[in-house]
Amino acid sequence: MATSSGVPATRGKQVKTPGKTRGLHSADVEVLGLTGRVLWTEGTPAPQPGAEPRNEPAYILIHGIGVSHRYLARLHAVLAASAPTYSLDLPGFAGTQKPGHQLSAEEYGAFIAAALKSCGIDSYVLVGHSMGVQFAIEAALHAPEQVKQLVLMGPVVDSRHKNVHRQSLALFLDGLLRESPSSNWIVISDYFRCGPRWYLTELPVMMSYRTEERLAGVGVPVLVLRGSRDQVAGADWSLRLSRSVAQGRLVEIPGVGHVAQHMRPKAVADAIRSFVTATTPHR
C-alpha cells in the first residue's frame, strides 16, 4: 500500500500525503489510533518508512500544551540549516483530530516514538518546550535506543507553581512582560485553534506530571535550557532538574522569558548544537 505521494504505509502506521504549511512540508501521521502531523523544510529528507539509517541524528521539536509547531518555527529554521529537523503537531492540538479520551504524558510519549518510527526516523535529539518537555521525557523512556540527547526548554511544572492559579499567573505575567507581540499572537491564536475543551482536558495531566521522578529514568545526556527572565521555569527548579540526571547541564539565554526559542532562536540553536557536539561520543 502507498499514499498518493508514493510513500509506503502499513496498517495502523501511516504517513499520509505530504502538503505544505507556511513554507514547511507537512504530512499527517496515524499511529496507535491517534493522528498528528510531522513538518520539515527543504533540505531535510521527507518522512519515509523503511528509510536507510542516517549518519546523523535528526532534531525533533515538540510543542507544549495548547500550541503547535508555529512558535518553534524560528528555531526549526536555524537548526535545519545544519541538520535534519522535524517538528510535530501532536494529537488534539494545532487542528489535528481530537482523541476520544484524555491522553497521559506517557501516551503522548508513546505516540511520538511510534510516529518517528513510522516516518523512518531512527536516531534523534528530542527538543521539548514547556509541557512538550514532559512528552519528550516519555518519548525518551519509550525509545531509549533511538534518543541520543534530550533538550528540555522551559520545563514545567516548576515546584513553585504546583496549582493551576500559580501556573496560570506565571504564564500570564510572562506573556505580558517578557514576550513579543508576535510570540503572544502565535500562542493565543493556537490556544483558540486547540479550543478550551481539549486544553482543559490536558491541563490536569501537565499539572500532575512527576517531571523530576520521570527524568531520573532517562539515560542520555540532558540539556535544561531556560530564558534568564523565565518565571514559569525558574532558575532553582531548572538547576535541580539538570542535577537529577548523571549527564545534565543547564544553559540560560540572557534577557528572555519562557518562549526563548522564538525571541532568540540563534542563541538557543547554538546552545543546543554545542551541547550535542560536546556529548556525542567521538569514534
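All values reported here derive from a predicted model rather than from experimental measurement. (Residues numbered from 1 in each chain as written. Predicted model: local features only at pLDDT ≥ 70, side-chain atom pairs only at ≥ 80, totals over all residues. Heavy atoms only, no water.)

Engineer: I'd like a rundown of the overall build of the protein, residues and numbers included.
Structural biologist: Summing up its helical and strand segments, the protein has 10 helices and 10 strands in all. Dimensions of the protein along its principal axes, counting C-alpha atoms only, are 50 × 50 × 35 Å. Across the protein, contacts joining residues at least 24 apart in sequence account for 73% of those joining residues at least 6 apart. Accessible area of the protein: about 12200 Å², with a carbon and sulfur share of 55%. In the protein, the 29 positive side-chain charges and the 22 negative ones have mean positions that sit 3 Å from each other. (Helix = DSSP H or I, 4+ residues; strand = E, 2+ residues; numbered from the N terminus. Contact = heavy atoms within 4.5 Å. Areas by Shrake-Rupley, 256 points an atom, 1.4 Å probe, with all protein chains shown as cover. Lys, Arg positive; Asp, Glu negative; His and termini not counted. Charge placed at Lys NZ, Arg CZ, Asp CG, Glu CD.)

Engineer: Break down helix α10 (residues 265-279) for me, with residues and values.
Structural biologist: Taking 1.5 Å per residue as the helical rise, α10 with its 15 residues ought to reach 21 Å, and the 21 Å between its terminal C-alpha atoms agrees with that figure. Listed in full, the buried residues belonging to α10 are P265, V268, A269, A271, I272, F275, V276 and T279. Buried residues of α10, viewed axially, fall in a sector of 160 degrees; they line one side. In this structure, α10 carries K266 and T277 as exposed residues pointing more than 90 degrees from its buried face. (Expected span 1.5 Å × (residues − 1). Buried < 20%, exposed > 50% of the residue type's maximum accessible area, 1.4 Å probe, protein only. Arc of directions from axis to C-beta.)

Engineer: I'd like to hear about empty space enclosed by the protein, residue by residue, with values.
Structural biologist: One pass over the full model with this rule turns up one cavity of 30 Å³ or more. By volume, the largest cavity amounts to about 30 Å³. Around the largest cavity, the lining residues are H129, M153, G154, L225, R226, G227, D230, G257, H258, A260 and Q261. Elements with a contribution of two residues or more to the lining of the largest cavity: β9 (222-227) and α9 (260-263). Among the elements that line the lining of the largest cavity, the one with the most residues is β9, at three residues. Of the residues assigned to the lining of the largest cavity, the class counts are three nonpolar, six polar and two charged. (1 Å grid on protein atoms, 1.4 Å probe; cavity = no way out; pocket = protein on both sides within 12 Å on 5 of 7 lines; lining within 4 Å. Points joined across faces, edges and corners; volume = space filled by probe spheres on them. Nonpolar A, V, L, I, M, F, W, Y, C, P; charged D, E, K, R; others polar.)

Engineer: Give a detailed account of the packing of helix α1 (residues 73-80) against α10, specifying residues and quantitative values.
Structural biologist: Where α1 contacts α10, the axes come no closer than 9 Å and their chain directions differ by 50 degrees. It follows that α1 is oblique to α10 by the angle criterion. The element α1 and its partner α10 pack so that their crossing is right-handed. Only P265, K266, V268, A269, I272 and R273 of α10 make contact with α1, whose side of the interface consists of R74, L75, V78 and L79. (Axes fitted to C-alpha atoms, helices over the stretch in contact; angles between N-to-C directions. Parallel < 35°, antiparallel > 145°, perpendicular 65-115°, else oblique. Left-handed = near helix turned anticlockwise from the far one by under 90°.)

Engineer: Before we move on, could you go through the layout of surface pockets and cite the residues and values that matter?
Structural biologist: Approximately 590 Å³ is the volume found for the largest pocket. Along the walls of the largest pocket sit 23 residues, with N55, P57, S123, K148 and T280 positioned nearest its centre. Within the residue set of the lining of the largest pocket, elements represented by two or more residues are β8 (147-153) and α10. If you tally residues by element for the lining of the largest pocket, the top one is α10, at four residues. What lines the second largest pocket is a set of 23 residues, and nearest its centre among them are L171, G175, N184, V187 and Y191. Elements supplying a minimum of two residues to the lining of the second largest pocket: α4 (164-177), α5 (181-194) and α6 (196-208). Here the lining of the second largest pocket takes six residues from α4, the largest share from any one element.

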